[in-house]
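Residue-level structural notes
Below, each chain spelled out in residue letters.
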Amino acid sequence: MALWPFDYLEPTSPEECFALMAEHGSEAKLLAGGTALMQFLKQGLARPRALINLKRLPGLGGIEVGPEGALRLGALATHRRIEDAPLVRERWPMLAEMLQLVASPRIRNMATIGGNLCHGDANEDPPPLLLALDASVRVISRVGERLLPVDGLFTDFYETALKPGELLAEVRVPPLPPRSGAVYLKFAPKSRQDFATVGAAAFVRLADAGRCVELRLGLAGVAPTPVRARKVEAALQGQLLSEPLVREAAALVEDEIDPVGDIRGSAGYKREMAKLFLRRAVAEALRRAGAAGPGPT
Amino acid sequence: MSPRQKRQLSLEVNGEPYELLVEPHWLLVDVLRDQLHLTGTKIGCGIGVCGACTVLVDGQAVSSCLALAVDAHGKAVTTIEGLAREGRLHPIQQAFIACGGFQCGFCTPGMIMGAKELLDRNPAPTEEEIRAGLSGNLCRCTGYVKIIESVQVAVRLLQEEMAGEAGAPVSPGPGRHAAVGSGQGGAR
Ligand SMILES: Cc1cc2nc3c(=O)[nH]c(=O)nc-3n(C[C@H](O)[C@H](O)[C@H](O)COP(=O)(O)OP(=O)(O)OC[C@H]3O[C@@H](n4cnc5c(N)ncnc54)[C@H](O)[C@@H]3O)c2cc1C
Ligand code: FES
Ligand code: FES
């Protein structure tokens, strides 16, 4: 499977990169880990005249905590480096757990978190959890930078809110407050390295009386983009989360998703699995929230 | 469209330095196979799924079917041909032979390179960890049971090799492959 020829550009500074992006415009594609882009090139879905390799850009691979306490993941950090990082394992363990469910070790060695988000594939695992954790991305360009919530990054099938000339530089994940819990559940019955039939993430934060004061739910595999289950969230916000209540609320996801039947399941099956895995994710996040703090006396 | 320039590619393959001229769109797997004639690395799916093309780049397993050769500039690549030492097969290779860890052999180079990375990271994996570590390496022949066994035996051979190097007594190690372990693992 040979590739169509292209020029290969390797900027070593952001300024040089922005200049090349401006010069080549839509004729050029950015290359990070290449695991998604190479598929597009091989299948002829993209035929760029030039590839701009981002991997020689300095300062885009960090894994650290910012002054505001948020985890900062450089766009070029690979899935594997993030899942291995002691900082992530200790303070954002749900993130490391989720990354271990992505593809195979080999692909995780290559694939970057920035590439994952910019690919904009609704079946990918990181987006639902990043939605639930209220993460944001820092986007840089010739004219400056902007912070964009991940909730708003995905605009359509393989489309993101990044504008021409913009580069995703960093993902920021807020710290987990006391008495909160989060989890991502991947339902991939065919094989471990497959994409999810449905993926569901939940974040919950409890008040002293055990009421849920903050809750966000993210889903993969059920719409043209990764989605928040806002109706379900609204039905659970401020409530004491009993099993029957969660069951009733999860059914509301019906109106918020539009799955397509494929090799991983029919549309109807995915609808049912979305409800089921939302319920399970909420239950597990609740369990973790309870275990994390001292709990009511 | 400007004629595309070949680019200088400096890399190390199996410990040997190479200076090559490559076109930007050439894949690492093709350069290994067609330029360097290292045909142990196979091409199965070409899309990152099967693992037949697995090589190590700076010690990390990657799909060489998804990697551009130019991207390996300045790096150290290890292929299946690079595992044997002084004519002696690597303990993982020995284990695959002893356990019948392959039939047609097409998946084997990738499987062994995947196992190499796995054991470099985790010298004593559980069966579950072996399964997870090799989850992206597909085999159409064996049904995987013998592959998992091979990796388990490789773990023991590597431990024995280390113990042998340290001058410690080599444990016989129970199980049906004990003869393999004590027969080859301790000898240098
Ligand atoms: C066999 C296989 C199995 C997989 N299974 C899973 C799975 O189970 N779960 C899952 O979540 N994913 C899975 N994936 C998808 C994988 O996660 C993505 O391919 C990967 O994350 C993309 O990252 P990359 O660094 O390789 O991006 P690239 O392929 O380099 O780039 C992807 C896109 O993003 C753009 N881009 C990259 N970086 C930036 C940046 N910093 N700023 C702006 N644009 C950028 C590129 O131009 C390109 O359009 C699988 C992939 C393969 C090949
Ligand atoms: S040929 Fe590269 S993973 Fe299948
Ligand atoms: S031995 Fe034939 S594919 Fe694995």
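All values derive from a computational prediction rather than experimental measurement.

Before going further, it helps to examine the overall build of chain A. Scanning chain A from N- to C-terminus turns up 11 helices and 14 strands. Here the C-alpha atoms of chain A give a radius of gyration of 20 Å, agreeing with the 19 Å that 2.2 N^0.38 yields for 297 residues. Dimensions along the principal axes, computed over C-alpha positions, put chain A at roughly 65 × 45 × 30 Å. The proportion of buried residues among the 297 residues of chain A is 55%. Pairs at least 24 residues apart make up 61% of the contacts formed inside chain A by residues separated by at least 6 positions. Surface accessibility of chain A: about 12400 Å² in total, with carbon and sulfur atoms responsible for 53%.

Turning our attention to the pairing of strand 10 (residues 167–173) of chain A. Residue and element names in this part refer to chain A. Judged by how many residues are buried, strand 10 sits mostly within the fold: 7 of 7 residues are covered. As paired elements, strand 5 (residues 71–74) and strand 10 share 4 bridges and run antiparallel to each other. Pairing of Gly74 across the sheet is with Glu170, part of strand 10. Pairing between strand 6 (residues 136–141) and strand 10: 5 bridges, direction antiparallel. Bridge pairing links Ser136 to Arg172 in strand 10.

Moving on, we come to the interface of chain A and chain B. Each partner contributes residues to the interface: chain A has 30 residues there, and chain B has 36 residues. Here chain A and chain B share an interface that buries about 2800 Å² over both sides, 49% of which is from carbon and sulfur atoms. Among the residues of chain A in contact with chain B, A:Tyr8, A:Arg106 and A:Arg192 are the three that bury the most area, contributing 24% of the side total. Counting across the interface, chain A meets chain B through 5 salt bridges. A:Asp84 serves as the salt-bridge partner of B:Arg121, at 2.8 Å between the closest nitrogen and oxygen. The interface formed by chain A and chain B holds 17 residue pairs in polar contact (both at pLDDT 80 or more) in total. At the level of secondary structure, the elements contributing two or more residues to the side of chain A that touches chain B comprise strand 1 (7–9), helix 2 (37–42), strand 3 (50–53), helix 3 (79–84) and helix 6 (105–110) of chain A. The greatest single-element share of the side of chain A that touches chain B, amounting to 5 residues, is contributed by helix 6 of chain A.

Quick look at the domain arrangement of chain A now. When the parts of a complex come together, some accessible area is lost, and that lost area is often taken as the interface size. Residue and element names in this part refer to chain A. For chain A, the assigned domains read domain 1 (7–53), domain 2 (63–173) and domain 3 (180–289). Computed over C-alpha atoms, the centres of domain 2 and domain 3 are 20 Å apart. The interface of domain 2 with domain 3 comprises 24 residues on the first partner and 25 residues on the second. Across the domain 2 to domain 3 interface the summed buried area is about 2000 Å²; carbon plus sulfur atoms make up 60%. Interface area lost by domain 2 to domain 3 is led by Ala122, Asn123 and Ala132, which between them contribute 26%. Taken together, the links from domain 2 to domain 3 amount to 4 salt bridges. Between Arg230 and Asp151 there is a salt bridge whose closest N-O contact spans 2.4 Å. Put simply, the parts of the chain that give the side of domain 2 that touches domain 3 at least two residues each are helix 5 (93–99), helix 8 (126–132) and strand 8 (154–156). Sort the elements by how many residues they give to the side of domain 2 that touches domain 3 and helix 8 lands first, with 5 residues.

What follows concerns the site of ligand 1. Every one of the 34 residues lining ligand 1 counts as a neighbour, but A:Leu30, A:Thr35, A:Leu37, A:Thr112 and A:Asp125 are closest to it. More than one chain lines the surroundings of ligand 1; the residues nearby belong to chains A and B. A distance of 3.0 Å is found between an oxygen atom of ligand 1 and a backbone nitrogen or oxygen belonging to A:Ala103. Separating a nitrogen atom of ligand 1 from a backbone N or O atom of A:Leu168 is a distance of 2.9 Å. Protein chains shield 94% of the accessible area of ligand 1, which is 970 Å² for the free molecule. Partitioning the shell around ligand 1 into residue classes produces 19 nonpolar, 11 polar and 4 charged.

Residues and elements named next belong to chain A. Read from one edge to the other, the open sheet built from 4 strands follows the order 11-12-13-14, with strand pairing classed as antiparallel. Among the strands making up the open sheet, the edge pair consists of strand 11 (180–187) and strand 14 (227–228). In this structure, strand 11 lies alongside strand 12 (residues 198–206), joined through 8 bridges in antiparallel fashion. Paired with Lys186 across the two strands is Gly199, which belongs to strand 12.

With that settled, the discussion passes to the side chain of A:Arg172. Residue and element names in this part refer to chain A. Mapping Arg172 onto the fold places it in strand 10. At 2.7 Å, the side chain of Arg172 forms a polar contact with the side chain of Glu170. Ignoring any residue separated from it by four or fewer positions in sequence, one finds Arg172 in contact with Glu68, Leu71, Arg72, Ala135, Ser136, Arg138 and Leu147.

Residues and elements named next belong to chain B. Looking at chain B, the domain boundaries give domain 1 (7–82) and domain 2 (91–187). Each partner contributes residues to the interface: domain 1 has 16 residues there, and domain 2 has 12 residues. Carbon and sulfur atoms supply 66% of the area buried between domain 1 and domain 2, which totals about 1100 Å² over both sides. If you look at where domain 1 meets domain 2, you find 0 salt bridges. Taken together, domain 1 and domain 2 are joined by 3 residue pairs in polar contact (both at pLDDT 80 or more). Secondary structure elements with two or more residues in the side of domain 1 that touches domain 2: strand 3 (54–57) and strand 4 (60–63).

How each quantity is defined
Residues numbered from 1 in each chain as written. Chains lettered and ligands numbered in written order. Predicted model: local features only at pLDDT ≥ 70, side-chain atom pairs only at ≥ 80, totals over all residues. Heavy atoms only, no water. Helix = DSSP H or I, 4+ residues; strand = E, 2+ residues; numbered from the N terminus. Rg over C-alpha atoms; globule rule 2.2 N^0.38 Å. Buried < 20%, exposed > 50% of the residue type's maximum accessible area, 1.4 Å probe, protein only. Contact = heavy atoms within 4.5 Å. Areas by Shrake-Rupley, 256 points an atom, 1.4 Å probe, with all protein chains shown as cover. Pairing = 2+ DSSP bridges. Buried area = accessible area lost by both parts, 1.4 Å probe. Salt bridge = Lys/Arg side-chain N within 4 Å of Asp/Glu carboxyl O. Polar contact = N/O pair within 3.5 Å; in protein donor to acceptor, adjacent residues only side chain to side chain. Domains from an automatic or database assignment. Near = heavy atom within 4 Å. Nonpolar A, V, L, I, M, F, W, Y, C, P; charged D, E, K, R; others polar.

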